[in-house]
Structures are given as C-alpha cells and as structure tokens.
Amino acid sequence: MRDAVPRVTPVSHSLNTMSEKSSRVAEARSVASALLDDLESSASKVDAVLMRAKRLARLMRDTDAQSWLDFETKGYPESFNPTELGTCRKYAAGSGRLNGSKYYTSSLPKLEADAESEELLLSAPVPASSVSAKDFLEQKATEALMVTQLKIQNQRKTNFSQAKSLFSSIKSGIHSYATDVYLAIELGDIAQDIFESTRDEIDSFVRVHAPKAAEKLIAINERMAENSSESRTAALTSCRRLLMTVADSLFPPRDTDWIDAGGKPRKVGTEQYKNRLIAYISENVKSEGSASILESDLAYLAARLDAIYEKTCKGVHVDVTKQEARLAVIHTYLFIGELARCKEAPSHRRENGIQG
C-alpha cells in the first residue's frame, strides 16, 4: 500500500494554476527576449517597444513597472512624485529621466520625435535669408553669411546631440528592465530545476521510508491555502509534527539514552524528536562538517517550530506572517531532503555514536 501514497509538495497550488503560471513565465521569457532584440537592433519605433515592455510587466505581475511604463508612454505630470515609480525608480534615475527632485516631463515617443526632428534640421540647408540685405556687400556679405550659417549649423548639432542623447539614455532604462527580468526568469528556471530534483528525492524518500509524513505534508498545504494567521500557525505546528513523524521512522523512540559523539547522553523518547534526528544524522553522515551543518539547521528550525508550538499550547496568539510561514515550510521540506540524502548514502556508525 505504500506505493499509493500521493506525491505532495508544500505550499502548492492546483495543477491548473501551476500550468497557467508556467505558461505565463514562458511567454514572459519570449517577450523579454524579443524586447531586447528590438532595443538592441533599433528595429522598432519606441511606442511599439513600450507596448511590448508593458506586456512584459503585465505578464510578470509587476505593477511598479506598469506604472513607470505608463508615464514613459504618456509623459510625466507636473505634480509627479518619484516615489510613485516604486521599485522602478532606479531605472528612471539611472537613465537620466530623474535627477534628484527634477525630471523630464516629455514622453519617450515625444523625445524620439524631437530627436528625429533635430536630425532632419541638421541635414537641411540653412536659408540665405538668415543674413540681412545690408550685409550683402561683396566680401562682408560672404563672411557674414558663412558665420551665420556656421552658428546655425552648430546650434542644430547641439540640439540634435542633446535630443538624441536624452532619448537613447532613457530608452536604455527599458533595456535595463528587460535584461533584469530576463535574467530573473533564467535564475528562476535554474532554481526550479534544482527544486524539482530535490522534490523527486523527497517524494521517493517519504513514500518508502516515512509514508505517514505525506499526511502531514497535505495538512500543511491545506493550512497554508487558508491564508490566515491562525492557519499559518497551524501549518507550522504541522511542520513540527512532520519532523516528529520522520524521526519516528528514521530513529524510533527509545527508553535508554543515546550517547552522542562527544560522550554526552541524550534523551531520545517520543517528545525528543530533535535528539532522535540528531542521532540519525550522526549515524548516517560521514562528513563531520556536513553533520554539523545539518545539526545547526535542525536546531534553528526546531527552535522556531517549538516556540510556536509552546505558545499555542498555552493559548497565546501567535502572529505568523505569510512570508515567515512560507520560509519555515520550505525550510522543513528541504531539511527532509537532506535527510533523504543521508538515507541514500552508505550507512555508517560513528565509534561512540550509539548506545548498546
């Protein structure tokens, strides 16, 4: 019957939700790649670039980027406060759009049009009427005309240079955003691959060595889905029970003390799940350094879960944030993954590691 234990993961959504998210992230990667191609090749007008960037922000559920890109599309109001950009303020500041409390109000399409207009003027001939009729006296007239044309041409060059530089600089802010999003997606893929590999190991370990732990994982998932402070507290209490269940399977309770590597006797009864897990680690992890790290991780995790459990037993309300609960659940799950690796490694008993 053990093979019938369901495959479970902590804090998971429904299969449809997971599939939808995977599809959305894949689309975001494609959009980010195409956006970078557009920006680097200058193949598209900036309004089309902005539309693609806004689509990317929408796919990433990035509300700050959506607001920032709206300003870049429509222009910035006179009463604008830079804090409205949130996390995207760095892109506006880094590109030159913002300079302290000062900022350019023109939209990015308007800046593009200004740069194009100045470029056209730069290539246009300077009208002869720029010189007044009274100066048309042989050499003086020629010199005055040349000086005036030179001044106008220099001014056009300056105007074009400033317009083009500002446009390109602010456009580079969108490139920075697209690059950051693309790299974040790539990093997420790597993390997902690593987690999936760990998940397979843990699922196999739970199915074979601690099938009852699957029930606790399901309970944790249900509590987290309720998304209230009370349910999150219950989820962490279930994490503690999960570790106890795993300890029962790996190192069942004993009436006699277990003697650790330092010769210190430790209680390994029903409630001493932490000592029992330490005993299991001590007996199965060959590297002293790895064993110490695992024991430190366990001490930190157990202290966190035990504190919540003790307060709950006393009827004290525990305010657990969503982020805190999520991290504790993931920490518990990954710690079981480390135990799974211990089980796969060749069994080994330390010289003073066990009692009798």
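Cut-offs and rules
Residues numbered from 1 in each chain as written. Predicted model: local features only at pLDDT ≥ 70, side-chain atom pairs only at ≥ 80, totals over all residues. Heavy atoms only, no water. Helix = DSSP H or I, 4+ residues; strand = E, 2+ residues; numbered from the N terminus. Buried < 20%, exposed > 50% of the residue type's maximum accessible area, 1.4 Å probe, protein only. Contact = heavy atoms within 4.5 Å. Areas by Shrake-Rupley, 256 points an atom, 1.4 Å probe, with all protein chains shown as cover. Phe/Tyr/Trp six-rings, centres within 6.5 Å; stacked < 30°, edge-to-face > 60°. pLDDT = per-residue confidence, 0-100. Axes fitted to C-alpha atoms, helices over the stretch in contact; angles between N-to-C directions. Parallel < 35°, antiparallel > 145°, perpendicular 65-115°, else oblique. Left-handed = near helix turned anticlockwise from the far one by under 90°. Nonpolar A, V, L, I, M, F, W, Y, C, P; charged D, E, K, R; others polar.

**Re the overall build of the protein**
Then comes step 1: Each helix and strand counted, the protein has 11 helices and 4 strands in total.
Then comes step 2: Going through the 356 residues of the protein one by one, you find that 37% of them count as buried.
Then comes step 3: Partitioning the contacts of the protein with sequence separation of at least 6, the portion at a separation of at least 24 is 71%.
Then comes step 4: Here the protein displays about 19,900 Å² of accessible surface, and carbon together with sulfur accounts for 52% of that area.

**Comments concerning the packing of aromatic side chains**
Then comes step 1: One pass over the full model with this rule turns up 8 aromatic pairs.
Then comes step 2: Centre to centre, the rings of Tyr76 and Tyr103 are 6.4 Å apart; their planes meet at 50 degrees, and the pair counts as tilted. Note that Tyr76 is positioned in the loop between helix 3 (63–74) and helix 4 (89–94) and Tyr103 in strand 2 (residues 102–103), a separation of 27 residues in sequence.
Then comes step 3: According to the relative accessible area criterion, Tyr76 is buried, its value standing at 5%.
Then comes step 4: Among the residues examined, Tyr103 registers a relative accessible area of 19% and is labelled buried.
Then comes step 5: Taking 5.6 Å as the distance between ring centres and 85 degrees as the angle between the ring planes, the aromatic pair formed by Tyr91 and Tyr177 counts as edge-to-face. Here Tyr177 lies in helix 6 (residues 138–209) and Tyr91 lies in helix 4, a separation of 86 residues in the sequence.

**Focus on the confidence of the model for the protein**
Then comes step 1: Summing up the model confidence of the protein, the mean pLDDT is 81 and the portion of residues at 70 or higher is 82%.
Then comes step 2: Low pLDDT (under 50) marks residues 1–15, which in the prediction has 27 contacts with non-local residues, meaning those over four places away or in another chain.
Then comes step 3: Note on residues 346–356: pLDDT under 50 across the span, and 29 contacts to partners over four residues away in sequence or across chains.

**Quick notes on the packing of helix 2 (residues 46–59) against helix 3**
Then comes step 1: Between helix 2 and helix 3, the shortest axis-to-axis distance is 9 Å and the interhelical angle comes to 165 degrees. Judged by the inter-axis angle, helix 2 sits roughly antiparallel to helix 3. Helix 2 and helix 3 meet at a crossing whose hand is left-handed. Along the contact surface, helix 2 presents Leu50, Met51, Ala53, Lys54, Ala57 and Arg58, while helix 3 presents Ala65, Gln66, Leu69, Asp70, Glu72 and Thr73.
Then comes step 2: By residue class, the composition of the contact of helix 2 with helix 3 is 6 nonpolar, 2 polar and 4 charged.

**Details of the environment of Ala235**
Then comes step 1: Examined against the element boundaries, Ala235 turns out to sit in helix 8 (residues 229–250).
Then comes step 2: On a C-alpha basis, the gap between Ala235 and Asn221 in space is 7.6 Å, while along the polypeptide they are 14 residues apart.
Then comes step 3: Apart from residues no more than four positions distant in its own chain, Ala235 is found in contact with Ile220, Arg223 and Met224.

**Some points on the side chain of Ser238**
Then comes step 1: Mapped onto the secondary structure, Ser238 falls in helix 8.
Then comes step 2: Judged by its relative accessible area of 6%, Ser238 is buried.
Then comes step 3: With residues up to four places along the chain from it excluded, the contact list for Ser238 reads Lys216, Ala219 and Ile220.

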